[in-house]
Amino acid sequence: APDGIQFTAANVDSLSQHFPACMSHLHRSLRRDAHLKHYGRLQYTLFLKGLGLNLEECLVFWRSAFHKITDDTFNKEYRYNVRHAYGDVGGDTNRRGSGYSPFSCQKILTEHPPGPGEAHGCPYRHFDLENLTALVQAMGVTDRSVLQGVKEDKDHQKYHMACNRVFEHLHKAEIKKAKDEGVMTSNQLETLVHPNDYFKRSYILKNL
Ligand code: SF4
């Protein structure tokens, strides 16, 4: 996580302003339904873990987010999977005790496409244009040329380009400032290919 960031269950809502579309959609779905299906929970849990949310806070986060169910149900059906993602329980890939790595865009784009009622995946790839446009608008993009660019990127199956286009638009002033002041070099501003890097860069830019 970026230096100085205090990542707790209580500030996930405010930090979600820095999320890429995939995680923003998971977060919105979770807040709307007080539930996410298995693969969405895994994609989101590993993202949060990669940002520095510790296991204890992550359990608090999921427990309070699933507010329609009892403690008993939560403990029986959900607690284990969160602990497993952190490498707190389970064998094989978890041997070293750190659990699974946060998913890259490549993995999210190509593995486990979401089925009905599932909120994981990459919206630039897995949403239809109408739903994608609504999500991107909810993230703060109203500029018609950006929305048109997103459509064209999607049509050409350039999902990363669409995501980076939205990032650049939402951080236009900050990117200019970072370049002008030499705080970030072009290398540090190259194409984003990981949701966790999207978050970190957004957080750093918005807190310059
Ligand atoms: Fe998430 Fe990557 Fe898709 Fe952007 S391109 S929405 S970071 S999976």
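Structure report, in brief. A quick note: this is a predicted structure, and the numbers were derived from the prediction, not measured.

### A few points about the overall build of the protein
The helix and strand inventory of the protein stands at 13 helices and zero strands. Start at the N end of the protein and walk to the C end: the helices and strands fall as α-α-α-α-α-α-α-α-α-α-α-α-α. Taking 2.2 N^0.38 as the reference for a compact globule, 208 residues should give roughly 17 Å; the C-alpha atoms of the protein span a radius of gyration of 17 Å, in line with that estimate. Its C-alpha atoms give the protein principal-axis dimensions of roughly 50 × 40 × 30 Å. For the protein, buried positions account for 47% of its 208 residues. In the protein, once contacts between residues fewer than 6 apart in sequence are set aside, the share between residues at least 24 apart is 65%. Accessible surface, the protein: about 11000 Å² in total, of which carbon and sulfur atoms supply 47%. Of the charged side chains in the protein, 27 are positive and 24 negative, and the gap between their average positions amounts to 1 Å.

### Some points on the packing of aromatic side chains
Scanning the entire structure with this criterion turns up 15 aromatic pairs. Here Phe 66 and Tyr 78 contribute two aromatic rings whose centre-to-centre distance is 4.9 Å and whose plane-to-plane angle is 80°, an arrangement assigned as edge-to-face. Taken together, the residues span a long stretch of sequence, with Phe 66 in the loop between α4 (55-65) and α5 (71-77) and Tyr 78 in the loop between α5 and α6 (79-85) at a distance of twelve residues. Neither Phe 66 nor Tyr 78 differs from the other in exposure class; each is buried.

### Some points on the site of the ligand
The environment of the ligand is formed by Pro 20, Ala 21, Cys 22, Cys 105, Ile 108, Cys 122, Tyr 124, Cys 163 and Pro 195. A molecule is said to occupy a pocket when more than half its atoms come within 2 Å of that pocket's grid points, and by this definition the ligand occupies the largest cavity. Within the residue set of the shell around the ligand, elements represented by two or more residues are α2 (21-33) and α7 (105-110). Looking at the shell around the ligand residue by residue, the class counts come to nine nonpolar, no polar and no charged.

### Some details on unusual backbone geometry
With glycine set apart, most residues show a phi of negative sign, and most peptide bonds adopt trans. Positive phi, close to 55°, is recorded for Ala 34, a residue that is not glycine. Note that Ala 34 resides in the loop between α2 and α3 (38-50). One non-glycine residue, Gln 157, lies in positive phi territory at about 60°. Its location among the elements puts Gln 157 in the loop between α10 (144-155) and α11 (159-170).

### Some thoughts on the packing of α2 against α4
Axis angle and axis distance: for two packed helices, these are the angle between their axes and the distance between the axes, and together they describe the pair. Interhelical geometry of α2 versus α4 gives an angle of 45° and a closest axis separation of 9 Å. With respect to α4, the axis of α2 lies oblique. Residues His 27, Leu 30 and Arg 31 of α2 form the contact with α4, whose participating residues are Phe 61, Trp 62 and Ala 65. Grouping the amino acids of the contact of α2 with α4 by side-chain chemistry returns four nonpolar, one polar and one charged.

So, how was this worked out
Along each chain, residue indices are assigned from 1 in the same order as the chain's sequence is written. Given that the model is predicted, a residue must reach a pLDDT of at least 70 before its local features are reported, and side-chain atom pairs must reach 80 or more before they are shown or counted; all residues, however, enter totals for whole chains, interfaces and linings. For the side-chain quantities, the full set of heavy atoms in the structure was used; hydrogens and water were omitted. The numbering of helices and of strands both runs from the N terminus, where a helix is a DSSP run of H or I of at least 4 residues and a strand a run of E of at least 2. Taken over C-alpha atoms, the radius of gyration is set against a globule rule of 2.2 Å times the number of residues to the power 0.38. Only protein chains enter the accessibility calculation, which uses a 1.4 Å probe; a residue is then buried when its area is under 20% of its type maximum, exposed when over 50%, and partly exposed in between. Residues are treated as being in contact if the distance between any of their heavy atoms lies within 4.5 Å. For every accessible area listed, the method is Shrake-Rupley and the probe measures 1.4 Å; residues are considered covered only by the protein chains on display. In summary, the charge assignment counts Lys and Arg as positive and Asp and Glu as negative, without counting His or the chain termini. The atoms used to mark charge sites are NZ of Lys, CZ of Arg, CG of Asp and CD of Glu. Classification of ring pairs rests on two measures: the distance between centres of Phe, Tyr or Trp rings, Trp counted by its six-membered ring, which must be within 6.5 Å, and the angle between planes, read as stacked under 30 degrees, edge-to-face over 60 and tilted in between. Put simply, a residue is near a molecule or strand once any heavy atom of it comes within 4 Å of that molecule or strand. Using a grid of 1 Å spacing that covers the protein atoms alone, one calls a set of points a cavity when a 1.4 Å probe fits there but cannot get out, and a pocket when the set is open and has protein on both sides within 12 Å along at least five of seven lines; lining residues are those with an atom within 4 Å of a point. In this description, a molecule resides in a pocket or cavity if more than half of its atoms sit within 2 Å of the grid points defining it. Basically, the charged four are Asp, Glu, Lys and Arg, the nonpolar ten are Ala, Val, Leu, Ile, Met, Phe, Trp, Tyr, Cys and Pro, and anything else, Gly included, counts as polar. To get an axis, fit a line to the C-alpha atoms, keeping to the stretch in contact for a helix; angles then go from 0 to 180 degrees between the N-to-C directions. For classification, angles of less than 35 degrees are called roughly parallel, those exceeding 145 degrees roughly antiparallel, those between 65 and 115 degrees roughly perpendicular, and all remaining angles oblique.

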